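# Per-entry structural report
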Amino acid sequence: MKKQFKFLAFTLLMGLLITSCSNDDDSSGGSTNLGEYDNGYFVLNEGNANPATASVTFVGDDGIVVEDVFRLVNPTAEEIGSYLQDIFFDDTRAFIVSGSANQVTVVNRYSFEYIATINTNFSAPRYGTVENGKAYVTNSAEWNTGTDDFLTIIDLNDYSTSTMIVGDYSEKITSDDDYVYISNGYYGSGNALTILNTNTQELTSIDLGAGNSPNSIIEEDDDLYVLSYNNASNGKIFKINTATNAIENTIDLPASLVDAKNLVIEDDTFYFTVDASVYSASMSSTTISDTALLTYNSTSTYGVMWGFNVEDDKIFISDGGDFDSNSNVYEYSLNGTLLNTITVGVGPNSFHFN
Amino acid sequence: MKKGILFLFGIIFSLSCFSQTRLDSVQQLDEVVLKSDKFLKTFSNTQSITTLKDTLLSRSAPSLTQLLNYNSNIYFKENGLGMVSSPSFRGTTAQQTVVAWNGININSQFNGQTDFNTINIRNFDAVSIRSGGGSVLYGSGAIGGSIHLNNDIAFNQGFENSIYANYGSFNTLDLGVKSGFSSKKFSADVAISRSSSDNDYDYVDSDKTNLNGAFYNQSVSANFGYKVNAKNVIKLYSYLYDGEREFSFIFPSETPTKYQDLNSRNMLEWNGLYGKFISTLKLAYLTEKYKYFPNTNLDNYSYGEAKTLIGKYDLSYTIFKDAMLQGVMDITNTSGEGSSIGKSDRTISSFSLLYKQEIKSFLYEAALRKEITNNYDSPLLYSLGLQYKFGNHYTVNVNGSKNFRIPTYNDLYWAGSGNTNLKPETSNQVEMGHQLDFKHVSFSATVFYNDIKDMIRWLPTGSNWQPVNTDHVKTYGLESTLDLKYHLKKHQFTLGGTYAYTVSKNKATDLQLIYVPKHKATSTLNYQYNRASLYYQTLYVGEVFTLSDNNPKYILDAYFVSNIGLSYALGKEKQFTLGGQIKNIYNENYQSVANRFMPGINYNFYLNFNF
């Protein structure tokens, strides 16, 4: 399947096409207002070959929508790049990853004021996380191999960068308590997790078993939860104890749920998606029902469920549309009632709560 | 394939035997210059054809993009100067414009299109633009129109040599050397050209520079003709192109990429003139190879390579004066492979029947073509044209045709994605042209309507991308040209202009397609006094939408670019020409593709020496 992406790279004459979305879940939840863009969420619109279509939309808790926040606040700053891939946060800053421009743009997470552009030591950057005063960003480098995949490590004091080879497909990334967790799955290739001890710089690999290619990774209460896809067998949710790195539990998804993605944990409940449907299961259950919680209506030929998240009793879905025009975000209640439809930018791929 | 070619040979031999008895001296053999692409003359009466040659070629930059952008109604979408360039002819896609080399369709087997920045015009004697459908004559892709790169084979001209050298801003070099000899029976010419540029121009009104945009290309062509006797001529055409381009950045920290092309084209042609019969046998062998380097710093690349063997036989018969019947058979065998394409073979044979008749001021031409292949269902293609001349000054043409574009190698065979159930894209079109010719003025205007179905697009189906027949597009509009000539003693004035109005809509949404301007206009004003020429050239391209919902926020502005040039002829027979050009004299800040900025004011100087 990587080959389709190579074809795209060729036809679009661009290095990249971005899919999937991030579940960067770092809500401050405070009631104080720390800036114009506190108390709401950002939608990352990856855009298309025209960099002007890459943008960030803000949706306030009060329902007010602000388009293209970055250019609104920073009309003369360096551009944020195109094919926007991820936003991740530390306490005060937001980091916007552009896959094609090989850069990360740093802004104030509450005012969105431009701080810096970091553009050294990247090669097709994917997702990022912050741990211990440093940011860690996965890089795909050459698409057709995992052996050159690496981390860019950004010193958040001076934005200097260094790299560390992971050597296996490196996509989603999360972190907690001095450890960084990387899912080594890329469209069906790769079947492991890599754990980085940020104190010793030591890498450890956990094998998920042949064919189990991870697409989501979440750290919750000192356990890791990983959703995998397997084209010859059932999808699975793995529970891994971070103290022992042992797989503690494995839940098989029903065989009818093929190509499950977007695992989110909210209030002791698993949420994930298959095509245009959302499924949920209690974290304590041992089986998963194949009855959908909701199915949304999409006319998109190839951007169905381009972005997904669950936060504060709401389910958020973004539709990729045709990637050639503005598209929509849908907010649902936890029981599947459509609450709001919001027009955002081109190719909305993820939600980031502030 | 082999059987087919043998079959063709069989037919031609039997024909040449039975027609030997007729000894009419056919005028065509006495012609001093032989054209390779005869359809442009014989079966294109009811459609508009513009031919660019001589000074127009020598004043143009070497890329086919620049030549046509400033001298035709065709719109170009160029990813920065010299980068990937896709035409939109009458509002169609790049794959719906054919480029024909000496009559042979040379669009890529992989993506079905020609990148107009990979053709160097210095190797050709003439470049012709044929508007509208032409699949009956030129095969897959001739929906918007076709571009014809032709070499003439001349006899009785003795030695003819020329050297062309041009140097300009951004270390841009353009060289062409041509050497030819012809006697009464024999003709040979060889041309070598090279074009290169650092292409590191500064963006207008910005502190940024075009990074990673350098390119070079070199071509060699050789053409031979031999008149065996009064009835038979053998011709050989050869062409080799080798080019490398970096792909320029939008952001300075992008991963550098580059692209290499290596294409060769060879064709052997045998013309036989046997009284009322004219027979032409062509055997052509084409190769194309590309390499794409996703990271220039590494050696990794992806590639595609295709070899095409074409056998084509056509026989025309002059039934009586002013009526001609022609039959064409061809077999094309292509073998291609690439990083993501397993070795795949396809063979397509086709049969065409063409008829033309002139009755006083009235002319009509009709043609049918049917392909036979097991790769896809091929529709019956046709073309019907009518012409009426109202006296000497006014001509009306009406033409209707059905045309197609077949699925490419990428569409059919891409590993894991290729869709062998694809249908060809088909187009039904009609046009009406008006032509006015007077001593000092000629004017033409053509209105057209084109309905294109089953357009092939790559869409993900589940987690996999696949090409599918989906969009339905209609295009309509107006194409016009104006030429004025006037001279007073040693003062000569000429003005040439084109204007196109194009609507190209997706039928499902009724919205204009992205990157199709409603308006495009060009003009060239030339003033010559004695040995000196001064010319002024303009290009206007209207605004284009870059998003499918025609969102006004993402419109790319219209632009107006002007060039000025001066040349002077030296020597007894004006065999030296010295020239200089200032391009984009008003330093217009423009982009043909969003964020792909084009150069501001820039300069070049050239020398042309014929001996």
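None of these values were measured; they are calculated from a predicted model.

### Section: the overall build of chain A
Tallying secondary structure elements over chain A gives 2 helices and 28 strands in all. For 354 residues, the compact-globule estimate of 2.2 N^0.38 gives 20 Å, and the C-alpha radius of gyration of chain A, at 19 Å, lies within 12% of that figure. Taking the principal axes of the C-alpha coordinates as reference, chain A spans close to 50 × 45 × 45 Å. Expressed as a percentage of its 354 residues, the buried residues of chain A come to 61%. Of all intrachain contacts in chain A linking residues separated by at least 6 positions in sequence, the fraction that spans at least 24 positions is 43%. Averaging the coordinates of the 13 positive side-chain charges in chain A and doing the same for the 49 negative ones gives two points 8 Å apart.

### As for the overall build of chain B
Along the backbone of chain B there are 7 helices and 36 strands. Over its C-alpha trace chain B gives a radius of gyration of 24 Å, about what one expects of a compact globule, namely 25 Å for 611 residues. Referenced to the eigenvectors of the C-alpha coordinate spread, the extents of chain B come out at roughly 75 × 70 × 50 Å. Taking all 611 residues of chain B together, 58% fall into the buried category. At a minimum sequence separation of 6, the contacts of chain B that also span at least 24 residues come to 62%. Accessible surface for chain B amounts to roughly 25200 Å². Of this, 59% is attributable to carbon and sulfur atoms. Once the 57 positive and 50 negative side-chain charges of chain B are each reduced to a mean point, those two points are 7 Å apart.

### Some points on the packing of aromatic side chains
Residue and element names in this part refer to chain B. Inspection of the entire model under this criterion finds 48 aromatic pairs over all chains. Ring centres of Tyr164 and Tyr606 lie 5.8 Å apart, and the angle between their planes is 25°; this geometry places the pair in the stacked category. With a gap of 442 residues between them, Tyr164 in strand E10 (residues 158-168) and Tyr606 in strand E36 (residues 602-610) connect regions that are remote in the sequence. Connected via pairs of aromatic rings, a cluster forms that spans Phe110, Phe247, Tyr259, Tyr290, Tyr292, Tyr409 and Tyr413. Just above the ring of Tyr164 sits the side chain of Arg122; from NZ or CZ to the centre is 4.2 Å. Residue placement shows Lys356 over the ring face of Phe43; its charged tip is 5.9 Å from the ring centre.

### Focus: unusual backbone geometry
Residues and elements named next belong to chain A. Within the chain, Tyr187 stands out as a residue other than glycine whose phi angle is a positive 50°. Following the sequence through the fold, Tyr187 ends up in the loop between strand E13 (179-186) and strand E14 (189-197). Positive phi outside glycine occurs at Met305, with the angle close to 50°. On the accessibility criterion, Met305 (6% relative accessible area) is buried.

### Concerning the pattern of salt bridges
Residues and elements named next belong to chain A. One pass over the full model with this rule turns up 27 salt bridges over all chains. Here Arg71 makes a salt bridge to Asp68, at a shortest N to O gap of 3.0 Å. Classification of Asp68 as buried rests on a relative accessible area of 10%. For Arg71, the salt bridge goes to Glu79, with nearest N and O atoms at 2.9 Å. Accessibility expressed as a relative area gives 18% for Arg71, which makes it buried. Looking at Glu79, the relative accessible area reads 29%, which means it is partly exposed.

### Quick look at empty space enclosed by the protein
All names here are of chain B. Counted by the stated rule, this structure contains 9 cavities of 30 Å³ or more. The computed volume of the largest cavity comes to approximately 590 Å³. Taken together, 43 residues make up the lining of the largest cavity; nearest its centre are Ala61, Gln66, Leu81, Thr172 and Lys583. Class assignment for the residues of the lining of the largest cavity results in 17 nonpolar, 22 polar and 4 charged.

### Digging into the sheet that holds strand E5 (residues 97-101) of chain B
Residue and element names in this part refer to chain B. The strand order across the open sheet formed by 5 strands is E2-E7-E8-E5-E6, and the pairing between neighbours is mixed. Each edge of the sheet is formed by a strand with only one pairing partner; in this case those strands are strand E2 (49-53) and strand E6 (104-105). Bridging between E2 and strand E7 (residues 126-131) involves 5 bridges; their strand directions are antiparallel. Among the inter-strand pairings, Leu52 is bridged to a residue of E7, identified as Val127.

### What about the nonpolar core?
Residue and element names in this part refer to chain B. Core analysis: the largest hydrophobic core is formed by 31 residues, its most contacted members being Leu64, Leu68, Val127, Ile147 and Leu149. At the level of secondary structure, the elements contributing two or more residues to this core comprise helix H5 (64-71), E5, E7, strand E8 (145-150), strand E14 (232-247) and strand E16 (277-293). Among the elements that take part in this core, E14 stands out by supplying 4 residues, more than any other. When residues no more than four places from it in sequence are discounted, the contact partners of Leu64 are Phe116, Ile119, Ile121, Val127, Ile147 and Leu149.

### Regarding the environment of B:Asp437
With respect to the secondary-structure elements, B:Asp437 resides in strand E23 (residues 425-437). Considering only alpha carbons, one finds B:Asp437 and B:His393, 44 residues apart in sequence, at a separation of 4.8 Å.

### Details of the pairing of strand E27 (residues 338-346) of chain A
Residues and elements named next belong to chain A. Where strand E26 (residues 326-333) meets E27, 6 bridges bridge the pair, whose relative direction is antiparallel. Bridge pairing in E27 links Val329 to Ile342. Between E26 and E27, which pair antiparallel and follow one another directly, the connecting turn spans 4 residues, one of which, Gly336, has a positive phi of 95°.

### Observations regarding the confidence of the model for chain A
Any region with low pLDDT has predicted coordinates that should not be read closely. Scored by pLDDT, chain A comes out at a mean of 89, with 91% of its residues at no less than 70. For the stretch residues 1-30 of chain A, pLDDT sits under 50, and the model shows 112 contacts to residues farther than four places along the chain or on other chains.

### Focus on a negative patch on the surface
All names here are of chain A. A surface patch of negative charge is lined by Asp61, Asp62, Asp177, Asp221, Asp222, Asp267, Asp268, Asp312 and Asp313. Locating Asp62 in the fold gives a position in the loop between strand E2 (55-60) and strand E3 (65-66). According to the relative accessible area criterion, Asp62 is exposed, its value standing at 60%.

### Here we look at the sheet that holds E27(A)
Residue and element names in this part refer to chain A. Strand order across the open sheet formed by 4 strands is E24-E25-E26-E27, with antiparallel pairing between neighbours. Each edge of the open sheet is held by one strand with a lone partner, namely strand E24 (307-311) and E27. For this sheet the average axis-to-axis angle between neighbouring strands, irrespective of direction, equals 20°. For E24 and strand E25 (residues 314-318), the ladder comprises 5 bridges, and the chain directions are antiparallel. Bridging from a neighbouring strand, Phe308 pairs with Ile317 of E25.

### Observations regarding the environment of B:Tyr376
All names here are of chain B. Examined against the element boundaries, Tyr376 turns out to sit in the loop between strand E20 (362-372) and strand E21 (381-390). With a relative accessible area of 5%, Tyr376 lands in the buried category. Residues Tyr376 and Pro407 lie 31 residues apart in sequence; the distance between their C-alpha atoms is 8.3 Å. Excluding residues within four positions of it along the chain, Tyr376 makes contact with Arg346, Ile348, Glu371, Phe404, Ile406, Pro407, Leu422 and Pro424.

### Description of H5(B)
Burial analysis of H5(B) places 8 of its 8 residues in the buried class, the great majority of the element. Taken together, the buried positions of H5(B) are B:Leu64, B:Thr65, B:Gln66, B:Leu67, B:Leu68, B:Asn69, B:Tyr70 and B:Asn71.

### A few points about the confidence of the model for chain B
Residue and element names in this part refer to chain B. Confidence along chain B averages 90 in pLDDT terms, with 94% of residues attaining 70 or more. Throughout residues 1-30 the model reports pLDDT below 50, and contacts reaching past four residues in sequence, or to other chains, amount to 49 contacts. Interface scoring of the predicted complex returns ipTM 0.78; its pTM is 0.86.

Cut-off values and rules
Residues numbered from 1 in each chain as written. Chains lettered and ligands numbered in written order. Predicted model: local features only at pLDDT ≥ 70, side-chain atom pairs only at ≥ 80, totals over all residues. Heavy atoms only, no water. Helix = DSSP H or I, 4+ residues; strand = E, 2+ residues; numbered from the N terminus. Rg over C-alpha atoms; globule rule 2.2 N^0.38 Å. Buried < 20%, exposed > 50% of the residue type's maximum accessible area, 1.4 Å probe, protein only. Contact = heavy atoms within 4.5 Å. Lys, Arg positive; Asp, Glu negative; His and termini not counted. Charge placed at Lys NZ, Arg CZ, Asp CG, Glu CD. Areas by Shrake-Rupley, 256 points an atom, 1.4 Å probe, with all protein chains shown as cover. Phe/Tyr/Trp six-rings, centres within 6.5 Å; stacked < 30°, edge-to-face > 60°. Lys NZ or Arg CZ within 6 Å of the ring centre and 35° of its normal. Salt bridge = Lys/Arg side-chain N within 4 Å of Asp/Glu carboxyl O. 1 Å grid on protein atoms, 1.4 Å probe; cavity = no way out; pocket = protein on both sides within 12 Å on 5 of 7 lines; lining within 4 Å. Points joined across faces, edges and corners; volume = space filled by probe spheres on them. Nonpolar A, V, L, I, M, F, W, Y, C, P; charged D, E, K, R; others polar. Pairing = 2+ DSSP bridges. Core = buried A, V, L, I, M, F, W, Y, C linked by side-chain atoms within 4.5 Å. pLDDT = per-residue confidence, 0-100. Patch = residues over 30% accessible without salt bridge, like charges linked within 9 Å, V, L, I, M, F, W, Y side chains within 5 Å. Axes fitted to C-alpha atoms, helices over the stretch in contact; angles between N-to-C directions.

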